[in-house]
Amino acid sequence: MLWRNSGKVIKMRLDFDTVSQFKMETGGNGQMDMLTISEVSKQNQISTRMLRYYEKAGLIKSARVPGYSYRVYDEVAVRRLRQIMVLRKLRIPVKQIAVILQDETQRRTLDILQENLAQLEEEILAMATLRSVLKALVSRLENNIRERVNLEILEDGELMEMIHMLKPPKTTLKEEHSMSELMKAGEVLEAKMDIRIVYLPPATVASYCCVRENPEDEAGAQIYAFIRENNLPVQKPDFRLYGFNNPSPGPGQTVYGYEFWATIPEDMEVKAPFVKRHFAGGLYAAHCIKMGDFHEWATFTEAMMKAEEYEPDWREPEGMGGCLEEELNIYNNIQDPVRQGADQLDLLIPIRKRSDV
């Protein structure tokens, strides 16, 4: 990921029409110049890690130019990337996007969109009900204050009867929305993210670090093999798996490091290329994401920078200021050979009580 202790929310500047009318400068042969992963990342304000994740999921394809070490993308790949970005902002899961992009008849696409629309309408109706109840409470309180009447609101039979009779109004959505409106809606929803305060216990860990382009894949393959070969689910049924950038990529860099830590029994022997380390543990803020939603790091970090009771406590490992990514449900992922990694991650920021609280 490209986040680095900034706490700034990433904002994309895209016009909705560019999804279907994408244009770029072309070379003398009328074909689009190939773009590097850094150029695509910069132009679309999406992390290189997200690009690699979409490619690994089979949503886009890169190419290799003879004599050039980095991956490049053509017009087809960039156009598809922008389609993916719009679908993700519409909260369509990555697995369903893969189906949509391969659906030539568009029938399955229609089913998927209808399913997501039905779910969204349920949420809208639920929120409309809450809004109506809160408006009724506010109105009744304002009236009581004006008349200087002190009533037990929750025991007010008339008010409770009114709440039970509330019917949420039908919500009409505009047929057309600009990309800026879509981005704003996404930011509003992300700002409401669930954040937990957790304590990670100290642990002995087996560490593996890989420095290269796309290091997560190589490091992940090695640590998963280590877990299986040492039968960690049996030797340590409560084992956990953490990961973090080490070192983090700088602007325009495609080669960086990623390190995994698997917690192990204290007396377990660890052989090279793995390194036995001690994890001090401590207090962390945690936010769960679906695999691939790494852009939520920025919103999460900003939320903790502004939190009233806690503040970030940047520390080792240096690569991410002590921040970690924990693969959830790792026990089942290891036991099931069909699964290819985590579906969910906990983003973890080290924290401490604010000194001014």
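Heads up: these notes are all about the structure in this document. Residues take numbers from 1 onward in each chain, read along the sequence in its written order. Totals for whole chains, interfaces and linings use every residue, but because this is a predicted model, local features are given only for residues with pLDDT of at least 70 and side-chain atom pairs only at 80 or more, for both listing and counting. In computing side-chain values, all of the structure's heavy atoms are included and hydrogens and water are not.

**So, the packing of helix α3 (residues 75–89) against helix α4 (residues 94–101)**
Keep this limit in mind: All axes are obtained by fitting lines to C-alpha atoms, using only the stretch in contact for helices, and the reported angles, taken between N-to-C directions, cover 0 to 180 degrees. By the criteria applied, helices consist of DSSP H or I runs no shorter than four residues and strands consist of E runs no shorter than two, each listed in order from the N terminus. Angles below 35 degrees are treated as roughly parallel, those above 145 as roughly antiparallel, those between 65 and 115 as roughly perpendicular, and all remaining angles as oblique. Here a crossing is taken to be left-handed if its near helix is turned anticlockwise relative to the far helix by less than a right angle, and right-handed if that turn runs clockwise. We call two residues in contact when some of their heavy atoms are within 4.5 Å.
Where α3 contacts α4, the axes come no closer than 11 Å and their chain directions differ by 135 degrees. As the angle between them shows, α3 and α4 are arranged oblique. Where α3 crosses over α4, the two elements pack in a sense that is right-handed. For the pair α3 and α4, contact is made by R80, Q83, I84, L87 and R88 and by V94, I97, I100 and L101, respectively.

**Some points on the sheet that holds strand β2 (residues 63–64)**
Going by this rule: Strands qualify as paired when DSSP identifies two bridges or more between them.
Pairing in this open sheet of three strands is antiparallel, and the strands run β1-β3-β2 from one edge to the other. Lying at the two open borders of the sheet, with one neighbouring strand each, are β1 (35–36) and β2. In the sheet, β1 pairs with strand β3 (residues 71–73) via two bridges, with the strands oriented antiparallel. Note that in β3 the partner of L35 across the bridge is Y73.

**Observations concerning the packing of aromatic side chains**
Condition: Only Phe, Tyr and Trp rings are paired, with Trp represented by its six-membered ring, and only when their centres lie within 6.5 Å; those with planes under 30 degrees apart are stacked, over 60 edge-to-face, the remainder tilted. Two conditions define a charge located above a ring, namely a distance within 6 Å from the ring centre to NZ of Lys or CZ of Arg, and an angle within 35 degrees of the ring normal.
On inspection of all chains with the given rule, the structure shows ten aromatic pairs. Seen from their ring centres, W261 and F279 are 5.5 Å apart, and the 55 degrees between their planes marks the pair as tilted. Residue W261 is located in strand β7 (residues 255–264), and its partner F279 is located in strand β8 (residues 275–279); the two are separated by 18 residues in the primary sequence. Put simply, the rings of Y242, F244, W261, F279 and Y284 touch in pairs and so form one group of aromatic residues. Over the aromatic face of F294 sits the side chain of R49, whose NZ or CZ is 3.8 Å from the ring centroid. Note that R315 overlies the ring of Y284, its terminal NZ or CZ placed 5.3 Å from the centroid.

Interpretation in functional terms is not warranted from these geometric data alone.
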